[in-house]
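Structure assessment
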Amino acid sequence: MNETDLINNAKHYIVQGQQLERKEPEVARKSFLAAAHMLVNASKSTTVTESKQRYVDVANALYWRAHAIEGSVVEEGSSDSEPDERIKSMLIAKPGTRFKDIAGLSDVKDEIKLKIIEPFKHPEIFKKYGKRVGGGVLMFGPPGCGKSLLAEATAGEADVAFFNVKASDLKSKFVGETERNIAALFKAARGQPNGAIIFFDEFEALGGERGTAGAHDRNFVSQLLTEMDSVGNKDQKILLIAATNLPWNVDLALRREGRFGVTVFVPPPDAEAREHILQLHLRDKPAAKDIDLHQLAGRTDGFSGADIKALCESATDIPLKEYLATKRARDITMEDFKTALSKRVATTQPWFGLAIRNLKQCPDDELAKQILAHAPSTD
Ligand SMILES: Nc1ncnc2c1ncn2[C@@H]1O[C@H](COP(=O)(O)OP(=O)(O)O)[C@@H](O)[C@H]1O
Ligand SMILES: [Mg+2]
């Protein structure tokens, strides 16, 4: 199909999805996915740079819409597994990750130490200085830059129970079930003798975008607000961390000052951090002496931590494949990195484009300021 056909088909599916969203959510969900798929193909076939980006943006929005339907299909009856069982599986054992395993991001680490880790260790000192302990930290930024990793390291550093919650795990297709899941989660957290940290990953999936969220979504946003407000007041022993790649989709009421004490931007790694990430990912691999990490750091501007990890994997695959063919082992070389680099692209720039476009539609000074301060220059 050519670009025009793809776009016309996508339009058809979008209209169908919109018409069936209420009556036949499953068909609507599939229609939105089909439209997204066509837009992705259209973006591959067009030669106009602006269209490319616009198609991808719309496709992303459609994926989210399909995802939201999946979580909100209304059915009678109760779920197959008890909420308590599900909540238990969110309580995780202390992971091995520590802050020292994360390159850069010292500002974010400091905020987490001050707001999350130290209050558990020295509650009396916080009281003495009249600091109210509560709320938590909301992290946002481009994907692959260390948000989930930071949460994992926080669990490793703090000596308290840690609940790792993907927002979509709490969301249920059963009416009222999501609210019950949230209540069960906070109840389980309050039951921890030494306190607990709750980490909400993909937070935007819970706080559905304002205006587009159905009544179902609003119910659990308000349930979550109630729980969060009581965290700040009566329980001094539960702290929250949340992470999102799509902060403009997080309900403003959830983002507001006081709910989360701080909202921090987790930026793409700078050159120094990139060199450190390369080092971390090569530390257990046979790397030749000719690998110039400083030079590689300079050539990976705009790469996320995840991009750099993938780059290291691609470079490693080259001698590995050779070994499988020839049975002769050799170290990973700078040449392997150059080959791998020619096939990889940075993923953080498109996110900034998306962020700026979204913030234009819903101006939010605090978010916009933090994002613009880190946006790559366009020249
Ligand atoms: N600052 C960093 N230091 C070390 N590794 C990183 C860093 N940022 C990202 N990574 C690597 O990229 C992977 C994906 O990061 P992740 O924390 O899942 O990103 P996010 O949650 O922001 O999308 C991590 O598991 C890690 O291997
Ligand atoms: Mg993540």
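All values reported here derive from a predicted model rather than from experimental measurement.

The contact between helix H1 (residues 3-20) and helix H2 (residues 25-45) brings their axes to 8 Å, and the two run at 160 degrees. In terms of axis orientation, H1 runs roughly antiparallel to H2. The handedness of the crossing between H1 and H2 comes out as left-handed. Contacts between H1 and H2 pair Glu-3, Leu-6, Ile-7, Asn-9, Ala-10, Tyr-13, Ile-14, Gln-16, Gly-17 and Leu-20 from the former with Val-27, Ala-28, Ser-31, Phe-32, Ala-34, Ala-35, Met-38, Leu-39, Asn-41, Ala-42 and Ser-45 from the latter. Grouping the amino acids of the contact of H1 with H2 by side-chain chemistry returns 14 nonpolar, 6 polar and 1 charged.

Here we take up unusual backbone geometry. Even without glycine at this site, Leu-105 takes up a positive phi of about 55 degrees. By secondary structure assignment, the location of Leu-105 is in the loop between strand E1 (91-92) and helix H5 (106-121). Even without glycine at this site, Lys-327 takes up a positive phi of about 65 degrees. Along the chain, Lys-327 turns up in the loop between helix H14 (305-326) and helix H15 (334-342).

Below, the discussion takes up the nonpolar core. If you look at the biggest cluster of nonpolar residues, it comprises 66 residues, and the most contacted ones within it are Phe-163, Ile-197 and Ile-198. No other element matches strand E5 (residues 238-244), which puts 6 residues into this core. Taken domain by domain, the makeup of this core includes at least three residues from each of domain 2 (83-265) and domain 3 (271-342). In contact with Ile-197, not counting residues within four places along its chain, are Ile-116, Thr-154, Ala-155, Ala-158, Val-160, Phe-162, Leu-239 and Ile-241. Core analysis: the second largest hydrophobic core is formed by 18 residues, Ala-10, Ala-35, Leu-39 and Ala-59 among them.

Cut-offs and rules
- Residues numbered from 1 in each chain as written.
- Chains lettered and ligands numbered in written order.
- Predicted model: local features only at pLDDT ≥ 70, side-chain atom pairs only at ≥ 80, totals over all residues.
- Axes fitted to C-alpha atoms, helices over the stretch in contact; angles between N-to-C directions.
- Helix = DSSP H or I, 4+ residues; strand = E, 2+ residues; numbered from the N terminus.
- Parallel < 35°, antiparallel > 145°, perpendicular 65-115°, else oblique.
- Left-handed = near helix turned anticlockwise from the far one by under 90°.
- Contact = placed C-beta atoms within 7 Å.
- Nonpolar A, V, L, I, M, F, W, Y, C, P; charged D, E, K, R; others polar.
- Core = buried A, V, L, I, M, F, W, Y, C linked by C-beta atoms within 7 Å.
- Buried ≥ 20, exposed ≤ 12 C-beta atoms within 10 Å, placed from the backbone.
- Domains from an automatic or database assignment.

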